[in-house]
Amino acid sequence: MNSLDLTLEPIAMQFRKFGRLDWNASVLGFGCMRLPTVDGNATGPNINEAEAVRMIRHALDRGVNYFDTAYIYHEGNSETVLGKALRGHRDQVKIATKSPVWLIEKEADFDRMLNEQLRKLQTDHIDFYLLHGLDKKRWSEIVPKYKLLEKAEAAIRDGRIRHLGFSFHDNYESFPDIVNGYDRWTFCQIQYNYMDTENQAGTRGLKLAAAKGLAVVIMEPLLGGRLAHPPSSIRQVIERSSVKRSAADWALQWLWNQPEVSVVLSGMSNMDQVKANLDSAAHACSHSFQAADLNLIADLQQKYRERAAIPCTKCNYCMPCPNGVNIPANFEIYNEAFLHEDIPGARFKYQIFITEAARAGVCVACHDCEDHCPQKIPISEWMPKVHALLGAA
């Protein structure tokens, strides 16, 4: 008897409509912020070009048609490597890249940077161009000051840009102003995962943007990989489930379960991650979670919250601080150090996302905030501890 060939073809990529456009995007997008490097510096300039090209082309062969990069990624080298990887395949994919709003110092900078990006990417147009990292201040000050919307519209007219969107890093209260403040957005990019449902744009932002007809692209679906490598107490919850999925797959499938999600970006650093994410994407489906699945995610969320050192609910009753300390933001980052067992990551966020004038070290222990805290947190006692941990070199 002849043996049967049981070799199975890879399951096909899943696709979703991209907002109002007559185009379907792969549910998995390839994020080019964490390409493999030769020196181990995850976001440094020394990309392992041969391996990065191999990974990108493997993803392309498996159906990924959305590739995301930015002017600043890998200190300017990400766009160059992506351009090389997509040489000869440009008509198969859409490229998204970003204008670094905070680096613009005069109107001419927008076109100068865009033209530089086109050269690096070896293309005559950017399919999806984002104003990078919009927040309340950049939206209200930098964008109008340098006429960035007008500059982008001119680039759309001359064909260098096909569609305009934005990526967002701020609290939800700033999100509707940006979404509703310009009627030609095609898409937006938000940080979203099962631990960020109320952080930044959150679930409310996802639903608002989708209701406006915008495609919603998700970044940090695994919180920089932390949700893929959870602490042991979290792993135990996952392992007890009758549905056998990896921690990363649970996080990704939770996102794809929501029909408002258009594309989930993953910043992949090695081929194993590419293959695992492709396998997950092949099973992506909206409205697929049963009650037991949703309950497991709720259990994971609760287990993470239990790891928090400070019982802050971010109600903001303690604000404003008379000395300018952003109390809830300091507590949130401090808690993240314990939630994810990632003190270096928390220190990085403390330096990047909280201005020196708003850090815990500025606290003078006036105790004014403590009179307003519903949780009765001894804020003045915690602040030196927060700064001692997060402010350390």
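Here the structure is shown first, and the text comes after it.
We now turn to the structure provided with this report. What you see is a predicted model, and the numbers here were worked out from it, not measured in a lab.

**Side note on a nonpolar patch on the surface**
Logical step 1: Judged by side-chain polarity, Ile72, Trp102 and Leu103 come together as a nonpolar surface patch covering roughly 230 Å² of accessible area.
Logical step 2: Assignment of secondary structure puts tryptophan 102 in the loop between strand S5 (94-99) and helix H3 (108-121).

**What about the environment of tyrosine 73?**
Logical step 1: Residue placement: tyrosine 73 occurs in the loop between strand S4 (66-68) and helix H2 (78-85).
Logical step 2: According to the relative accessible area criterion, tyrosine 73 is buried, its value standing at 10%.
Logical step 3: Every residue in contact with tyrosine 73, bar those within four places of it in the chain, is listed here: Cys32, Met33, Asp68, Ser78, Lys98 and His132.

**Description of the sheet that holds S5**
The strands making up a sheet are joined through hydrogen bonds of the backbone, oriented either antiparallel or parallel.
Logical step 1: The parallel closed barrel is built from 8 strands, whose spatial order is S3-S4-S5-S6-S7-S8-S9-S10. The mean angle between the axes of side-by-side strands here comes to 30°, regardless of whether they run parallel or antiparallel.
Logical step 2: The pairing of strand S3 (residues 28-31) with strand S10 (residues 263-267) spans 4 bridges and is classified as parallel. Pairing of phenylalanine 30 across the sheet is with serine 266, part of S10.
Logical step 3: Sheet contacts for helix H10 (residues 271-281): S3 and S10; angle to S3, the most-contacted strand, approximately 160°.

**Quick word on the nonpolar core**
Logical step 1: Counting 90 residues, the largest nonpolar core has Phe30, Leu131, Phe166, Phe175, Trp185 and Ile190 as the members making the most contacts within it.
Logical step 2: Looking at which element gives the most residues to this core, the answer is helix H9 (residues 247-256), with 8 residues.
Logical step 3: Residues within four places of phenylalanine 166 in sequence aside, it is in contact with Leu130, Leu131, Leu134, Phe175, Ile178, Val179, Trp185, Phe187, Cys188, Gln189 and Leu214.
Logical step 4: Ranked by size, the runner-up nonpolar core spans 24 residues in total, among them Ala346, Ala358, Ala360 and Val386.

**Observations regarding the pairing of strand S9 (residues 215-219)**
A regular strand places its side chains so that they alternate between the two faces of the sheet.
Logical step 1: Counting buried positions over the 5 residues of S9 gives 5, a clear majority of the element.
Logical step 2: Residues Ala215, Val217 and Met219 line one face of S9 and the alternating positions Val216 and Ile218 line the opposite face, and both faces are buried.
Logical step 3: With helix H7 (residues 202-211) bridging strand S8 (residues 187-191) and the parallel S9, this β-α-β connection has right-handed handedness.
Logical step 4: Here 2 bridges tie S9 to S10, and the two strands are oriented parallel to one another.

**Some details on the packing of aromatic side chains**
Logical step 1: For the structure shown, the criterion picks out 20 aromatic pairs.
Logical step 2: Here the aromatic residues Trp139, Phe166, Phe168, Phe175, Tyr182 and Trp185 are joined through ring pairs into a cluster of three or more.
Logical step 3: Over the face of the ring belonging to tyrosine 71 we find lysine 120, whose NZ or CZ atom lies 5.5 Å from the ring centre.

Analysis parameters
Residues numbered from 1 in each chain as written. Predicted model: local features only at pLDDT ≥ 70, side-chain atom pairs only at ≥ 80, totals over all residues. Heavy atoms only, no water. Patch = residues over 30% accessible without salt bridge, like charges linked within 9 Å, V, L, I, M, F, W, Y side chains within 5 Å. Areas by Shrake-Rupley, 256 points an atom, 1.4 Å probe, with all protein chains shown as cover. Salt bridge = Lys/Arg side-chain N within 4 Å of Asp/Glu carboxyl O. Helix = DSSP H or I, 4+ residues; strand = E, 2+ residues; numbered from the N terminus. Buried < 20%, exposed > 50% of the residue type's maximum accessible area, 1.4 Å probe, protein only. Contact = heavy atoms within 4.5 Å. Pairing = 2+ DSSP bridges. Axes fitted to C-alpha atoms, helices over the stretch in contact; angles between N-to-C directions. Core = buried A, V, L, I, M, F, W, Y, C linked by side-chain atoms within 4.5 Å. Right-handed = clockwise from strand over helix to strand, strands pointing away. Phe/Tyr/Trp six-rings, centres within 6.5 Å; stacked < 30°, edge-to-face > 60°. Lys NZ or Arg CZ within 6 Å of the ring centre and 35° of its normal.

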